Amino acid sequence: MTGGAMDPLPAAPVAAAAEAEADEEGDPPAADPPVPQVGEQRALDAGRMQMPPGNPLLLSLTLQELLARDVVQVELIPEKKGLFLKHVEYEVSSQRFQSSVYRRYNDFVVFHEMLLQKFPYRMVPALPPKRMLGADREFIEARRRALKRFINLVARHPPFSEDVVLKLFLSFTGPDVQNKLKESAQYVGDEFVNCKLAARAKDFLPADIQAQFAISRELIRNVYNSFYKLRDRAERMVSRAIDSAADLLVFGKELRQVAPLGGEGSLDFGSDTTPLPSWAALSSSTWGSLKQALRGLSVEFALLADKAAQQGKQEENDVVEKLNLFLDLLQSYKDLCERHEKGVLHKHQRALHKYSLMKRQVMSAAAHNREPESVEQLESRIVEQESVIQTMELRNYFSLYCLHQETQLVHVYLPLTSHILGAFVNSQIQGHKEMSKVWNDLQPKLRCLFAGPHGSPPPQDGLPPH
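Rules and cut-offs
- Residues numbered from 1 in each chain as written.
- Predicted model: local features only at pLDDT ≥ 70, side-chain atom pairs only at ≥ 80, totals over all residues.
- Heavy atoms only, no water.
- UniProt positions renumbered as here; feature names shortened; annotations may be inferred.
- 1 Å grid on protein atoms, 1.4 Å probe; cavity = no way out; pocket = protein on both sides within 12 Å on 5 of 7 lines; lining within 4 Å.
- Points joined across faces, edges and corners; volume = space filled by probe spheres on them.
- Helix = DSSP H or I, 4+ residues; strand = E, 2+ residues; numbered from the N terminus.
- Nonpolar A, V, L, I, M, F, W, Y, C, P; charged D, E, K, R; others polar.
- Domains from an automatic or database assignment.
- Buried < 20%, exposed > 50% of the residue type's maximum accessible area, 1.4 Å probe, protein only.
- Polar contact = N/O pair within 3.5 Å; in protein donor to acceptor, adjacent residues only side chain to side chain.
- Phe/Tyr/Trp six-rings, centres within 6.5 Å; stacked < 30°, edge-to-face > 60°.
- Lys NZ or Arg CZ within 6 Å of the ring centre and 35° of its normal.

- Going by the annotation in an unreviewed UniProt entry, the name recorded for the protein chain is Sorting nexin-8, with Camelus dromedarius given as the source organism.
- In its Subcellular location (unreviewed entry) section, the UniProt record describing the protein chain reads: "Early endosome membrane".
- Reading the Sequence similarities (unreviewed entry) entry of the UniProt record for the protein chain gives the comment "Belongs to the sorting nexin family."

## Here's the deal with empty space enclosed by the protein
Over the atoms, a rolled probe matching the size of one water molecule traces out where space is still vacant.
Then comes step 1: Scanning the entire structure with this criterion turns up one cavity of 30 Å³ or more.
Then comes step 2: Taken as a whole, the largest cavity encloses approximately 60 Å³ of empty space.
Then comes step 3: If you go around the largest cavity, the residues you meet are M123, P125, L153, V154, H157, F160, L329, S332, L409 and Y413.
Then comes step 4: Secondary-structure elements contributing two or more residues to the lining of the largest cavity are α6 (137-156), α13 (284-342) and α15 (372-413).
Then comes step 5: By residue class, the composition of the lining of the largest cavity is eight nonpolar, two polar and no charged.
Then comes step 6: Each of domain 1 (63-191) and domain 2 (241-259 + 285-450) accounts for three or more of the residues forming the lining of the largest cavity.

## A look at unusual backbone geometry
Then comes step 1: At Q98, a residue that is not glycine, the phi angle is positive and equals roughly 50 degrees.
Then comes step 2: In this fold, Q98 is placed in the loop between β2 (86-94) and β3 (99-104).
Then comes step 3: The exposed category is assigned to Q98, whose relative accessible area is 68%.
Then comes step 4: We note that Y187 has phi near 60 degrees; this positive angle belongs to a residue other than glycine.
Then comes step 5: Looking at the secondary structure, you find Y187 in the loop between α9 (177-185) and α10 (191-194).

## Notes on helix α8 (residues 164-171)
Note on helix geometry: an α-helix contains 3.6 residues per turn, so any two residues three or four positions apart are oriented the same way.
Then comes step 1: Those residues of α8 not exposed but buried are V165, L166, L168, F169 and L170.
Then comes step 2: A side-chain oxygen of the first residue of α8 lies 3.0 Å from the backbone nitrogen of V165; this N-cap is D163.

## Some details on the packing of aromatic side chains
Then comes step 1: A full pass over the atoms with the stated rule returns 14 aromatic pairs.
Then comes step 2: Centroid distance F204 to Y401: 6.4 Å. Interplanar angle 65 degrees. Geometry classified as edge-to-face. On the criterion of sequence distance, the pair formed by F204 in helix α11 (residues 201-204) and Y401 in helix α15 is long-range, its members being 197 residues apart.
Then comes step 3: The buried category is assigned to Y401, whose relative accessible area is 1%.
Then comes step 4: Of the aromatic side chains, those joined through ring pairs into one cluster are Y90, F108, F111, F150 and F169.
Then comes step 5: Above the plane of the ring of Y228 lies R231, whose end atom (NZ or CZ) is 4.8 Å from the centre.

Right, dumping it as structure tokens:
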């Protein structure tokens with residue numbers, strides 16, 4: 001966030017009291033947010049969309065600046081045996097803080113909870129699932145990758161990156177990081193309480209913010225669905241590359257089994273040594289040459305397998321993982337939209353519903369000539385409820401303010417998709433180029449396989465010509 005949007009102020013007790021007061025009444029029917037029609041989307045007034053210069057609502061960030069905020073590595077360290085189960089630990093290294101700390105999965109869980117507590121109106125990425133009994137290495141590696149994506153998204157998020165809870169998680173080396181994280185968030189309040197601009201958030205919002213919110217939500221939902229399918233296809237291509245590498249390696253091993261080391265006058269399949277029959281004795285020199293050629297080919301196929309495996313690994317890191325990072329970001333935006341509708345917006349509606357019930361009670365008491373004290377108590381509660389509604393309205397506008405900024409942040413990340421596609425194309429070009437070189441180097445070694453007796457070329461209707 002730019003400017004002084006995160007400057008601390010004394011905590012306002014009215015916010016917590018207001019939310020508690022609003023929770024006492026039953027839930028009214030939730031109203032659907034306004035969704036613009038197609039014609040309205042095209043007819044959005046460009047003048048209303050423009051913001052005055054220096055508006056704190058606007059983010060002036062590029063993807064390069066965002067990615068340069070920090071690079072965090074998450075690596076597995078050897079498992080430690082507990083009383084009943086083995087515990088997986090991670091070494092978390094931050095380039096920005098020049099730190100390296102050990103963290104367990106439960107430390108990530110507490111850190112995630114503190115982020116949601118302090119920043120309920122921001123995109124907080126989800127954590128991977130907790131380890132289940134019997135989790136294999138594949139699950140543990142997938143979770144390590146997911147934790148790495150999570151912490152990098154958090155470390156590069158503008159408000160999160162300047163908060164003390166992130167610095168503690170990435171650099172605190174004490175014995176109990178979970179309690180330290182909880183203490184840092186205790187009695188502090190959330191971003192609404194601490195943001196100097198929270199009470200004036202409405203002044204910075206465009207007049208058509210609800211329409212923009214609906215459009216952005218639908219757009220990002222469609223982008224998510226499309227890139228989810230692209231990620232699945234990329235995973236399948238990586239899987240095929242790895243399977244191809246395994247097949248090429250086995251193919252080469254089988255060639256080696258066909259032609260193991262042995263004398264020219266024997267057939268050596270595995271550990272079996274079988275003498276050549278007398279009628280094949282004239283071809284013993286041919287068989288010796290053939291064995292030597294097949295053994296040479298097995299080495300070339302091992303090299304082909306290595307090249308295919310390298311390409312699969314590279315595309316897994318440069319394509320699939322970056323697609324997963326982008327999908328994690330989009331999913332956190334979708335989760336934020338749901339929190340906005342089910343959280344502050346819903347509480348605002350409940351507060352209005354309670355206020356309406358109180359007004360009816362006052363009117364009913366006046367109509368039935370009840371005691372003045374009873375009417376005064378109801379009127380006093382109405383005044384309190386008006387304060388609750390005002391706080392809920394301020395929170396609602398601040399939530400929209402944050403949503404607007406988070407939408408901008410998603411758009412800052414959009415150029416990452418072109419980088420991903422570029423990495424995919426380059427990987428394919430380089431992989432095919434290296435594989436083609438090995439295949440071309442292998443071709444001359446096939447000459448002895450296609451040669452006839454005494455090294456003469458084979459008949460054209462027998463073996464394929466060179």
